[in-house]
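The chain contents come next:
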Amino acid sequence: MKDFQTQDDLYLLVDAFYKKLLADNSISYIFTDVVKIKLEAHLPILVTFWSQAILGTGGYTKNLTQIHLDVNAKSYLSPELFAIWLRHFYNTVDENFKGEKAEQIKTQALSIGTIMQVKIKNERS
Ligand code: HEM
């Protein structure tokens, strides 16, 4: 199994990851009902984001935490939902990639997810 090298690798990852998210009823409603994402527009944005994070390219300029606070304002993003999201993310990485960047992308997802959850918690208190 190889490590992440190109944006095509990241496209493979996010495509397989969203197939898992959308096939899981416990989280899919966020992407189909709360926010009606259009996959063909959404997946390239995810590739740009992860490419900046682990391949060192630029190009992602939006406030990712604020985007998720906005989703949370429409429908609560609970710790359980974050755990489900992260589990699918880790599994998709591990099923397809192995190496330093594969470890790095999982660590980054965990730390970003942790920051999002702290901000969500602060908004509720
Ligand atoms: C409970 C967990 C999560 C849920 C349910 C969730 C859901 C969503 C939804 C519905 C959108 C589309 C928002 C919109 O277009 O208005 C989105 C965008 C996005 N999410 Fe998440 N998310 C979660 C966690 C995360 C985490 C932990 C990361 C990164 C480590 C992440 C990365 C992204 C990225 C890069 C986008 C694209 C933002 C953009 O359009 O610029 N998400 N997410």
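I will try to describe carefully the structure that is included in this document. Here the structure is a predicted model, which is why all the values come from computation and not from measurement.

## Details of the coordination of the iron atom of the ligand
Just one protein ligand coordinates the iron atom of the ligand, and it is His68 (NE2) at 2.0 Å. Within the secondary structure, histidine 68 sits in helix H4 (residues 64-74).

## So, helix H2 (residues 25-34)
Those residues of H2 that sit buried are Ile27, Ser28, Ile30 and Phe31. An end-on view of H2 places all buried positions within 145° of arc, on one side of the element. Looking at H2, the residues exposed on the side facing more than 90 degrees away from the buried face are Asn25 and Asp33.

## Some details on the packing of helix H5 (residues 79-96) against helix H6 (residues 100-124)
It is at 10 Å that the axes of H5 and H6 come closest, and there the two elements cross at 170°. One finds that H5 runs roughly antiparallel with respect to H6. For the pair H5 and H6, the contacting residues are Pro79, Phe82, Trp85, Leu86, Phe89, Tyr90, Val93 and Asp94 in the first and Ala102, Ile105, Lys106, Ala109, Leu110, Gly113, Met116, Gln117 and Ile120 in the second. A per-class count over the contact of H5 with H6 returns 13 nonpolar, two polar and two charged.

## What about the layout of surface pockets?
It is the rolling of a water-molecule-sized probe over the atoms that shows where space remains empty. What the largest pocket holds in volume is close to 750 Å³. In this structure, the largest pocket is lined by 32 residues; those nearest its centre are Tyr18, Phe31, His42, Leu64 and His68. Secondary structure elements with two or more residues in the lining of the largest pocket: helix H1 (7-23), H2, helix H3 (39-55), H4, H5 and H6. By residue number, the principal contributor to the lining of the largest pocket is H4, which donates six residues. The residue makeup of the lining of the largest pocket, split by class, is 24 nonpolar, four polar and four charged.

## Focus on the packing of H2 against H5
Their axes nearest at 10 Å, the elements H2 and H5 cross at an angle of 95°. Considered as vectors, H2 and H5 are oriented roughly perpendicular to each other. In this structure, H2 contributes Ser26, Ile27, Tyr29, Ile30 and Phe31 to the contact, and H5 contributes Leu81, Ile84 and Trp85. Looking at the contact of H2 with H5 residue by residue, the class counts come to seven nonpolar, one polar and no charged.

What counts and how
- For every chain, the first residue of its written sequence is number 1, and the numbers climb from 1 along that sequence.
- This being a predicted model, a pLDDT of at least 70 is required before a residue's local features are given, and a value of 80 or more before pairs of side-chain atoms are given or counted; all residues contribute to the totals for chains, interfaces and linings.
- Hydrogens are left out, water is left out, and the side-chain values use all remaining heavy atoms of the structure.
- Water is not among the atoms examined, so metal sites may look incomplete; donors are the N, O and S atoms within 2.8 Å of the metal, or within 3.2 Å for Na, K and Ca.
- Secondary structure is summarised from DSSP: a helix means a run of H or I of at least four residues, a strand means a run of E of at least two, and numbering begins at the N terminus for each.
- A simple rule labels every residue: compare its accessible area, found with a 1.4 Å probe on the protein chains alone, to the largest value its type can have, and call it buried under 20%, exposed over 50%, or partly exposed in between.
- Each C-beta atom gives one direction from the helix axis, and the arc is the one those directions make.
- Note on method: axes are straight lines fitted to C-alpha atoms, helices fitted across the in-contact stretch only, with angles between N-to-C directions ranging 0 to 180 degrees.
- Each angle gets one of four labels, with under 35 degrees taken as roughly parallel, over 145 as roughly antiparallel, 65 to 115 as roughly perpendicular, and the rest as oblique.
- Should any heavy atoms of two residues lie within 4.5 Å, those residues are considered in contact.
- Gly counts as polar in this scheme, as do all residues outside two lists: the nonpolar Ala, Val, Leu, Ile, Met, Phe, Trp, Tyr, Cys and Pro, and the charged Asp, Glu, Lys and Arg.
- Using protein atoms alone on a 1 Å grid, points that fit a 1.4 Å probe yet trap it form a cavity, whereas open point sets bounded by protein on both sides within 12 Å along at least five of seven lines form a pocket; residues with an atom within 4 Å of a point count as lining.
- Grid points are joined across faces, edges and corners, and a volume is the space filled by probe spheres set on the points.

In short, the description is geometric, and any link to function would need to be established separately.
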